[in-house]
Amino acid sequence: MRCDYCYYLDKQRLFPGSPSRMPEALLERYIVQRFEASPGPNIHFEWHGGEPTLLGLDYFRTITSLQHKCNPDGRTVSNGLQTNGILIDSEWADFLAQNGFSVGLSLDGPEEFHDGFRKANDNGPTQSRVVRAFHLLKERRVFCNVLCVLHAKNTAEPDKLYDFFRGLGVSYIQFLPLVGIGNVSAGPEAIGHFLCRIFDRWIKEDVGRMVIQIFDEALRPIYGIPHALCIHRETCGDAAVLEHDGSFYACDHFVDPKHLIGNIQERRLSDLANDPAMARFGKAKRETLPQFCKECDVLSFCNGGCPKDRISNTPTGEGGLNYLCPAYRAFFHHSRPALTRLAAHMKAGKSLRSFM
């Protein structure tokens, strides 16, 4: 595929002439070091991309074999795969089910929303193949989290998008607002309206049946538990990325020379993860908040959002405001009363579905 809004295509300039996959010896080095750097009983590996299924199913058989080999004390290992779904067939789905993979599947809604920006290399449509992949995974009870990019097309029709996912039987969904891609991106006010409308549908129809990530995140400060998603935490820096040549970066949205921490071929993974540059990157999110954000009554809900989106100016002319600020403010104010009631309902030990 060549999606109009893909942020990863320009990485070819960063790795000129580099092979497109991690060599097996380096892969084993990474897995060994990951076990060493993760002392707890559970270790999770997340395979992203580009498009990781292009590596082929045998490559992932090698991954699971190496994980088994490098896990002499029998700790629990889990894997996640982020995919566009195009190559997922019955053999892939069987493998993912048998090995307990969770899957993030990119799907922007009905054909007219999805195929507008998510085209194949030959410029052809892709939506039907992604829907087929969803059904193959669902049939095998593979945990599947749908990632829907919010762009100018689907944001304008929230009910149509919601009905589509509801009819498809999606149980977990993550909305990812597209920022800074010309007329492909929706405006922050439109995104705010979209989120409020989707929330009104969900709170009346699908609490306890469908998990929508941003609604879960909005509930957390009300319920009194930390944010799970990095973009809404006070600090970041714990969602690093390892590229196929062993390069370790602070974040997959900051894969550039400035944010290169090192390489596992030269330094151990645990040392890279604890490098002072990682700590500085994480703390900068909180320390560079504009005063407008510090005084905001929904700061605990968004904490300034993802640093990559801080490209706007505040009403007083300060820089560093998140492009999505109007959307966040509209949504968090709109949802807070109902989520406050939901939190009280949950603390009383009542079922989620009875809330509706």
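Refer to the structure printed above.
The notes below deal with the structure included here.

Definitions and cut-offs
- Residues numbered from 1 in each chain as written.
- Predicted model: local features only at pLDDT ≥ 70, side-chain atom pairs only at ≥ 80, totals over all residues.
- Heavy atoms only, no water.
- Axes fitted to C-alpha atoms, helices over the stretch in contact; angles between N-to-C directions.
- Helix = DSSP H or I, 4+ residues; strand = E, 2+ residues; numbered from the N terminus.
- Parallel < 35°, antiparallel > 145°, perpendicular 65-115°, else oblique.
- Left-handed = near helix turned anticlockwise from the far one by under 90°.
- Contact = heavy atoms within 4.5 Å.
- Nonpolar A, V, L, I, M, F, W, Y, C, P; charged D, E, K, R; others polar.
- Bend = angle between axes of the 7 residues up to and from the residue.
- Buried < 20%, exposed > 50% of the residue type's maximum accessible area, 1.4 Å probe, protein only.
- Pairing = 2+ DSSP bridges.
- Right-handed = clockwise from strand over helix to strand, strands pointing away.
- Polar contact = N/O pair within 3.5 Å; in protein donor to acceptor, adjacent residues only side chain to side chain.
- Core = buried A, V, L, I, M, F, W, Y, C linked by side-chain atoms within 4.5 Å.
- Phe/Tyr/Trp six-rings, centres within 6.5 Å; stacked < 30°, edge-to-face > 60°.
- Lys NZ or Arg CZ within 6 Å of the ring centre and 35° of its normal.

1. Thoughts on the packing of helix H2 (residues 24-37) against helix H3 (residues 57-69)
For any two helices packed against each other, one specifies the inter-axial angle together with the distance between the axes. Packing of H2 against H3 leaves a shortest axis separation of 10 Å and a crossing angle of 40°. Taken together, H2 and H3 sit at an angle that is classed as oblique. In this structure, the crossing between H2 and H3 has a hand that is right-handed. When H2 is examined against H3, the residues Glu24, Leu27, Glu28, Ile31 and Phe35 are found in contact with a partner set consisting of Tyr59, Thr62, Ile63, Leu66, Gln67 and Lys69. In the contact of H2 with H3, the residues fall into 6 nonpolar, 2 polar and 3 charged.

2. Considerations on helix H15 (residues 325-347)
Structural remark: α-helix, 3.6 residues per turn; residues separated by three or four positions point the same way. Of all the bends found along H15, the most pronounced is centred on Arg336 and spans about 45°, while Pro337, a proline, follows it within four residues. Considered for burial, the residues of H15 that qualify are Cys325, Ala327, Tyr328, Phe331, Phe332, Ser335, Ala338, Leu339, Leu342, Ala343 and His345. Immediately downstream of H15, the backbone of Gly349 shows phi near 80°, a positive value.

3. Some details on unusual backbone geometry
With omega at -5°, the peptide bond leading from Gly49 into Gly50 counts as cis. Turning to its location among the elements, Gly50 is positioned in the loop between strand S1 (42-47) and H3. Not every positive phi belongs to a glycine, and Asn303 is a case in point at roughly 50°. Within the fold, Asn303 resides in the loop between helix H14 (299-302) and H15. Residue Asn303 is classed as buried on the basis of its relative accessible area of 10%.

4. Considerations on the pairing of strand S2 (residues 76-83)
Of the pairings in the sheet, the one linking S1 to S2 comprises 6 bridges and is parallel in character. Bridging across to S2, Phe45 finds its partner in Asn79. Once you follow S1 into H3 and on to S2, the crossover reads as right-handed. Two elements, S2 and strand S3 (residues 102-106), share 4 bridges in a ladder whose sense is parallel. Paired with Leu81 across the two strands is Val103, which belongs to S3. Tracing the backbone out of S2, into helix H4 (residues 90-98) and back to the parallel element S3 gives a crossover that is right-handed.

5. Re the side chain of Asp206
With respect to the element layout, Asp206 can be found in the loop between helix H9 (188-205) and strand S6 (211-212). By relative accessible area, which is 0% here, Asp206 ends up buried. A polar contact of 2.7 Å, which involves the side chain of Asp206, links it to the side chain of Arg166. Once residues within four sequence positions are removed from consideration, Asp206 is found in contact with Tyr162, Arg166, Arg201 and Met356.

6. Regarding the nonpolar core
Within soluble globular proteins, side chains that are nonpolar generally end up buried alongside one another. Grouped together as the largest cluster of nonpolar side chains are 88 residues, with contacts concentrated most on Leu96, Phe165, Phe175, Trp202 and Ile212. When sequence neighbours within four positions are dropped, the list of residues in contact with Phe165 reads Leu107, Asp108, Gly109, Val146, Cys148, Val170, Ile173 and Phe175.

7. Things to note about the packing of aromatic side chains
Throughout the structure, instances matching the rule amount to 22 aromatic pairs. Arranged with centres 5.3 Å apart and planes meeting at 55°, the rings of Phe331 and Phe332 form a pair that is tilted. Taken individually, Phe331 and Phe332 each receive the classification buried, so the pair is uniform in this respect. Clustering of aromatic rings is evident, with ring pairs tying together Tyr30, Phe35, Phe45, Trp47, Tyr59, Phe60, Trp92, Phe95 and Phe101. Positioned over the ring face of Tyr223 is Lys347, at 5.1 Å from the centre of the ring.

8. Let's talk about the sheet that holds strand S9 (residues 260-263)
Pairing is antiparallel in the open sheet, where 3 strands are placed in the order S7-S8-S9. Looking at the sheet topology across the chains shown, the edges are occupied by strand S7 (241-242) and S9. The pairing of S7 with strand S8 (residues 247-249) spans 2 bridges and is antiparallel. Looking at the pairing, Val241 lines up with Tyr249 of S8.

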